[in-house]
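# Results of the structural survey
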Amino acid sequence: MNERAEPAPTVAVVGGGAVGVTAAHDLAARGADVTLYERGELAGGSSGRAAGLLYDAYAEDVEAAVGARALERFRAFDRTLPGFSFTPCPYVIAVREGDADADAVPAMVERMRGHGREVSVVDPDALGERFPSLRTDDLAVAAVAEGAGWTDPPSYVRALADRAAREGVAIETETPVALGPRTESGRELSIGEGEEDGGSGAETRAFDAVVVAAGAHTRSLLADAGVSVPVVPYRVQALVAADAYDGPMVYDATADAYLRPHPDGLLAGDGTEPVPADPDDYRREADDWFRADVATVLRERLDGAAAGGDFDPDASRAWAGLCTATPDGDPLLGPVGATGKTDPALFVAAGWQGHGFMRAPAVGEIVAEGVSASLDGTAFDAPDSPWIGAFDPARFDGDEEFEIAEGMSLSERTENG
Ligand SMILES: Cc1cc2nc3c(=O)[nH]c(=O)nc-3n(C[C@H](O)[C@H](O)[C@H](O)COP(=O)(O)OP(=O)(O)OC[C@H]3O[C@@H](n4cnc5c(N)ncnc54)[C@H](O)[C@@H]3O)c2cc1C
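Residues numbered from 1 in each chain as written. Predicted model: local features only at pLDDT ≥ 70, side-chain atom pairs only at ≥ 80, totals over all residues. Heavy atoms only, no water.

An unreviewed UniProt entry annotates the protein chain as FAD dependent oxidoreductase of Halorubrum hochstenium ATCC 700873.

This is how it looks when you write it as structure tokens:
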């Protein structure tokens, strides 16, 4: 080892979900001395409750690029990451007759195709012929994205964390941290206590950079350091039922519900509650109305001989978890600071509007490249900066008031373009 070599920069990643683990892994691969802090167990937050739908069929340019890179890495991990697998499966977007969103589908598909995605508009009859397990007689239009698939989200987190640990990342689970002040030695963390304790814990450690990937806790964690971000948690729901299903993944845009094959039968979800939720005190069990809604959608969407006919919602394993919304539906990804003052040692990666898991491999990579570049002195808006301007946390004051929009809806996807 060269004695005069610069010491590796120290980076703390707060949050052991898909985003934090990917960022930690990729930062270590770029030579940083990384410690990952997770208040509970790995994948104990939203990543352990996600449905695992993976697709790159986005109309908007930046989202399409991020989605494509994420899927490329998921496929590569399928070959190289023990404990992780990606199951290819077409993704159908279905819009019912009478739904005004049907008119937007051809243009949306055209934009997806413009990004090189294998997506096509399909006539409902042709859809039914290709996928006999689907009922299509009530549909106005559908689109099929071929390059999609699904996985088990917690297995991704654990498998990548194992690899990160082998590559030198110190992984500290059951270790909540709070943000301390910025000092000459870097950004301080109070380690081993919750943010509710106000950062007066026993151990304090300074890092050259701190990445906050704390999911639904991101806002409260940063608030304690005087940094305000408009990242608002809301509740969504999913269930797994034992009914056999081997058809495509389906997003019924009119019903705002999705389903996919699952090793135990089928997984279905949405059940968005578009109101702010308290990440420390939300109902983790699914609501009866959600089970009943899913039962209706499955009966309407699936052929009776498949799962739909005699689906019993009470026989399912159902749960709720949190997603995070932002005023414009785009995430906050990059350096943050108190209003008007970006702190070169503090970064955030949050606000995925229901799409954080499927984007994690790309987002973690951007975090690693961006933090490394920032530590090397590259300005956020420099031409060669890896950060994405549209996701710049500084576009918000942090105290914006806004309505929570369901992240999968077609209007959300097409208007953002
Ligand atoms: C029912 C459901 C279905 C979903 N389906 C999909 C899907 O199909 N596809 C998709 O892309 N997305 C889906 N999502 C969204 C997805 O789960 C999230 O966008 C994604 O998991 C976010 O990952 P993350 O790493 O940012 O956050 P998280 O996985 O929540 O990780 C954040 C971690 O930070 C930790 N933490 C918080 N505060 C502290 C602290 N002070 N100190 C230390 N650690 C702390 C938490 O314990 C948590 O483990 C779904 C979500 C739900 C609830």
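## Section: unusual backbone geometry
In this structure, Ala43 is a non-glycine residue whose phi angle is positive, near 60°. Position of Ala43 among the secondary structure elements: in the loop between strand S2 (33-37) and strand S3 (53-54). A residue is classified by how much of its surface remains accessible, and Ala43, at 8% relative accessible area, is buried. Despite not being glycine, Asp256 shows a phi value in the positive range, around 55°. The residue Asp256 is located in the loop between strand S15 (249-252) and strand S16 (257-262) in this model. On the basis of relative accessible area, Asp256 is assigned to the partly exposed category, the value being 27%. (Helix = DSSP H or I, 4+ residues; strand = E, 2+ residues; numbered from the N terminus. Buried < 20%, exposed > 50% of the residue type's maximum accessible area, 1.4 Å probe, protein only.)

## Things to note about the site of the ligand
Residues in close proximity to the ligand total 39 residues, the closest being Glu38, Ser46, Ser47, Val177 and Met358. In this structure, an oxygen atom belonging to the ligand sits 3.0 Å away from a main-chain N or O atom of Gly356. Relative to its free-state accessible area of 1000 Å², the ligand is covered by the protein chains to the extent of 96%. Taken together, the elements giving at least two residues each to the shell around the ligand come down to helix H1 (18-29), strand S14 (232-241), strand S18 (317-325) and helix H8 (356-375). The element that contributes the greatest number of residues to the shell around the ligand is S18, accounting for four residues. In the shell around the ligand, the residues fall into 21 nonpolar, 14 polar and four charged. The residue makeup of the shell around the ligand includes at least three contributed by each of domain 1 (10-50 + 154-231 + 327-415) and domain 2 (91-146 + 233-325). (Near = heavy atom within 4 Å. Polar contact = N/O pair within 3.5 Å; in protein donor to acceptor, adjacent residues only side chain to side chain. Areas by Shrake-Rupley, 256 points an atom, 1.4 Å probe, with all protein chains shown as cover. Nonpolar A, V, L, I, M, F, W, Y, C, P; charged D, E, K, R; others polar. Domains from an automatic or database assignment.)

## Focus on the sheet that holds strand S4 (residues 87-88)
Read across the open sheet, the three strands follow the order S3-S8-S4; overall the sheet is antiparallel. Of all strands in the sheet, those bounded by a partner on one side alone are S3 and S4. In this sheet, strand S8 (residues 149-150) lies alongside S3 in antiparallel orientation, the contact comprising two bridges. Residue pairing for S8: Leu53 is matched across the bridge by Trp150. (Pairing = 2+ DSSP bridges.)

## Things to note about the packing of aromatic side chains
By the definition in use, this model includes 11 aromatic pairs. Here the aromatic rings of Phe74 and Tyr156 are separated by 5.4 Å at their centres, their planes lie at 65°, and the arrangement is edge-to-face. You can see Phe74 sitting in helix H2 (residues 61-80) and its partner Tyr156 sitting in helix H5 (residues 153-166), a full 82 residues away along the chain. The exposure class assigned to Phe74 is buried, which follows from its relative accessible area of 0%. With a relative accessible area of 0%, Tyr156 lands in the buried category. (Phe/Tyr/Trp six-rings, centres within 6.5 Å; stacked < 30°, edge-to-face > 60°.)

## Re the pattern of salt bridges
On inspection of all chains with the given rule, the structure shows 18 salt bridges. Salt-bridge contacts for Asp280 lead to Arg39; the nearest nitrogen and oxygen are separated by 3.7 Å. With Asp280 in the loop between strand S17 (265-276) and helix H7 (288-301) and Arg39 in the loop between S2 and S3, this pair connects stretches of sequence that are 241 residues apart. Of the residues examined, Arg39 reaches a relative accessible area of 35% and is grouped as partly exposed. Between Arg135 and Asp137 there is a salt bridge, and its shortest N-O distance comes to 3.4 Å. Given the relative accessible area of 56%, Asp137 is considered exposed. Within the structure, one salt-bridge network assembled from shared partners comprises Arg96, Asp138, Asp252, Glu300 and Arg301. (Salt bridge = Lys/Arg side-chain N within 4 Å of Asp/Glu carboxyl O.)

## As for the domain arrangement of the protein chain
We note that the domain assignment places domain 1 (10-50 + 154-231 + 327-415) and domain 2 (91-146 + 233-325) within the protein chain. Inter-centroid distance (C-alpha atoms) of domain 1 to domain 2 is 30 Å. In this assembly, 23 residues from domain 1 lie in contact with 30 residues from domain 2. Summed over both partners, the interface of domain 1 with domain 2 buries about 2200 Å², with 59% contributed by carbon and sulfur atoms. Connecting domain 1 to domain 2 are one salt bridge. At the junction of domain 1 and domain 2, the tally comes to eight residue pairs in polar contact (both at pLDDT 80 or more). (Contact = heavy atoms within 4.5 Å. Buried area = accessible area lost by both parts, 1.4 Å probe.)

## So, the nonpolar core
Counting residues in hydrophobic clusters, the biggest one holds 79 residues, and the most contacted among them are Leu27, Tyr91, Tyr156, Leu333 and Val371. A per-element tally of this core places H8 first, with nine residues. Built from parts of two domains, this core gets at least three residues from each of domain 1 (10-50 + 154-231 + 327-415) and domain 2 (91-146 + 233-325). If sequence neighbours within four positions are ignored, Tyr156 has contacts with Ala18, Thr22, Phe74, Phe77, Phe84, Phe357, Ala360 and Pro361. Core analysis: the next-biggest nonpolar cluster, separate from the first, contains 24 residues, Leu127, Phe131, Tyr245 and Ala318 among them. (Core = buried A, V, L, I, M, F, W, Y, C linked by side-chain atoms within 4.5 Å.)

## A short note on the layout of surface pockets
Picture a little ball the size of a water molecule; that probe, rolled over the atoms, points out where space is still empty. Here the second largest pocket is characterised by a volume of approximately 270 Å³. Around the second largest pocket, the lining is made up of 20 residues, and of these Asp152, Pro153, Pro154, Arg260 and His262 lie nearest the centre. The set of elements that each furnish at least two residues to the lining of the second largest pocket consists of H5, S16 and S18. Looking at the lining of the second largest pocket, the element that brings in the most residues is H5, giving three residues. Here the lining of the second largest pocket spans two domains, and each of domain 1 (10-50 + 154-231 + 327-415) and domain 2 (91-146 + 233-325) adds at least three residues to it. (1 Å grid on protein atoms, 1.4 Å probe; cavity = no way out; pocket = protein on both sides within 12 Å on 5 of 7 lines; lining within 4 Å. Points joined across faces, edges and corners; volume = space filled by probe spheres on them.)

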